[in-house]
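# Results of the structural survey
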Amino acid sequence: MLTVRQRLFALLTLCLALLVAPALPARAAGDAAARNPVVFVHGYNADPGVWGSLREDLRADGYADSELFSFGYDTHQSVNEVLSGRLAAYVDEVRRQTGAARVDLVAHSFGSLVTRWYVKFGGGAPYVERWVSLAGPNRGTSTAWACALWDQACRDMTPGSYVVKNLNSGDETPGTVRYSTFWSNCDEVINPDDSVPLTGAANTPVGCLKHNDLLGDDPTSAGVRAFLRS
């Protein structure tokens, strides 16, 4: 038979358990609410499927599929006249669906120019907390001259183009957005290699990787995910 003291101790333990138990889901919900949805923006001649590896890594980190979005678009159109506006509408829809005030943008290659234009000139700065560029032609790439004659997107990627010139005029990393780039020193598509880093961004060299290899590289993925957590 339990003594009075033992009964009181058991009752006190039960009360404490009831008080603490409801708090655990509340904290988990708070953590999820503090995490922004991620919008992936692929590069030239690509599609949303390129993000499979990074999406899988983010899911392993605790992201739900409902927090991961991939913007698909025609990569042969103009950055400033067409694509940044379509991205703006897509981000607005993501925010409506999730209830999030802001998103994090992760772009590869040509997608870096589309996302930068949206942030700098398309009204996106208040709605973006973090911006990530993997192998982006942020200062242009000479390889784009190979298709510039017939393709608007290629013209936008050439060094000194209207898009590149305007994006790099004044503040390269405007607003309260936090910027990060990842670049290879032997990228066969981005020439020169140091076209990727931006003044005011956290610029991370990833070693000698081919242009598309950044998408599946484990250390690059770890760097991106650390930046999204920061």
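Here we summarise the structure given alongside this text. (Residues numbered from 1 in each chain as written. Predicted model: local features only at pLDDT ≥ 70, side-chain atom pairs only at ≥ 80, totals over all residues. Heavy atoms only, no water.)

## Considering the pattern of salt bridges
Counting across every chain of the model gives ten salt bridges. We note a salt bridge from D61 to R229, for which the minimum N-O separation is 3.4 Å. Remark: R229 occurs in helix α8 (residues 218–229) and D61 occurs in the loop between α3 (52–60) and β2 (68–71); sequence separation between them is 168 residues. R95 is the salt-bridge partner of D92, the closest N and O atoms lying 3.6 Å from each other. Taken together, the positions of D92 and R95, both in helix α4 (residues 79–98) and three residues apart, correspond to about one turn of that helix. (Salt bridge = Lys/Arg side-chain N within 4 Å of Asp/Glu carboxyl O. Helix = DSSP H or I, 4+ residues; strand = E, 2+ residues; numbered from the N terminus.)

## Quick look at the packing of α3 against α8
It is the contact of α3 with α8, at a shortest axis distance of 10 Å, that shows an interaxial angle of 50°. Looking at the two axes, α3 sits oblique to α8. Note on packing geometry: the crossing formed by α3 with α8 is right-handed. Here L54, D57 and L58 of α3 come into contact with α8, specifically with S221, V224, R225 and L228. (Axes fitted to C-alpha atoms, helices over the stretch in contact; angles between N-to-C directions. Parallel < 35°, antiparallel > 145°, perpendicular 65-115°, else oblique. Left-handed = near helix turned anticlockwise from the far one by under 90°. Contact = heavy atoms within 4.5 Å.)

## A closer look at α3
Structural remark: α-helix, 3.6 residues per turn; residues separated by three or four positions point the same way. When we look at burial in α3, the residues that qualify are L54, R55, D57 and L58. The arc that holds the buried residues of α3, viewed along the axis, is 160°, so those residues lie on one side. Among the exposed residues of α3, those pointing more than 90 degrees away from its buried face are E56 and A60. Residues of α3 that are buried sit in contact with β1 (38–41), β2, β3 (103–108) and α8. A positive backbone phi angle near 115° is found at G62, which sits one or two residues after α3. (Buried < 20%, exposed > 50% of the residue type's maximum accessible area, 1.4 Å probe, protein only. Arc of directions from axis to C-beta.)

## Side note on the state of the cysteines
Scanning the model with the defined rule gives two disulfides in all. Residue C147 pairs covalently with C154 via a disulfide, S to S 1.8 Å. The S-S bond linking C147 to C154 shows a torsion near -85°; that makes this disulfide left-handed. The same class applies to C147 as to C154, namely buried. Here C186 engages in a disulfide with C208; their sulfurs sit 1.9 Å apart. Between C186 and C208, the S-S dihedral sits near 120°, and the bridge is therefore right-handed. Residue C186 is found in the loop between β5 (178–183) and β6 (202–205), and its partner C208 is found in the loop between β6 and α8; the two are separated by 22 residues along the sequence. Judged by its relative accessible area of 28%, C186 is partly exposed. C208 gets classed as exposed once you look at its relative accessible area, which sits at 58%. By sequence-ordered numbering of the bonded cysteines, the protein has its disulfides arranged as 1-2, 3-4. (Disulfide = S-S within 2.5 Å.)

## Observations regarding the environment of S180
Along the polypeptide, S180 turns up in strand β5. Residues S180 and T204, spaced 24 residues apart in sequence, show a C-alpha to C-alpha distance of 7.6 Å. Apart from residues lying up to four places away in sequence, S180 is in contact with W131, V132, S133, A201, A202 and F227. There is a polar contact of 3.3 Å between the side chain of S180 and the backbone oxygen of A202. (Polar contact = N/O pair within 3.5 Å; in protein donor to acceptor, adjacent residues only side chain to side chain.)

## Notes on the layout of surface pockets
For the largest pocket, the calculated volume is near 230 Å³. The wall of the largest pocket is formed by 19 residues, among which Y44, S109, M157, V189 and H211 lie closest to the centre. Partitioned by chemical class, the residues of the lining of the largest pocket number eleven nonpolar, eight polar and no charged. By volume, the second largest pocket amounts to about 160 Å³. Around the second largest pocket, the lining residues are A34, R35, N36, D61, Y63, D104, E129, R130, L228 and R229. Within the residue set of the lining of the second largest pocket, elements represented by two or more residues are β4 (128–134) and α8. Looking at the lining of the second largest pocket residue by residue, the class counts come to three nonpolar, one polar and six charged. (1 Å grid on protein atoms, 1.4 Å probe; cavity = no way out; pocket = protein on both sides within 12 Å on 5 of 7 lines; lining within 4 Å. Points joined across faces, edges and corners; volume = space filled by probe spheres on them. Nonpolar A, V, L, I, M, F, W, Y, C, P; charged D, E, K, R; others polar.)

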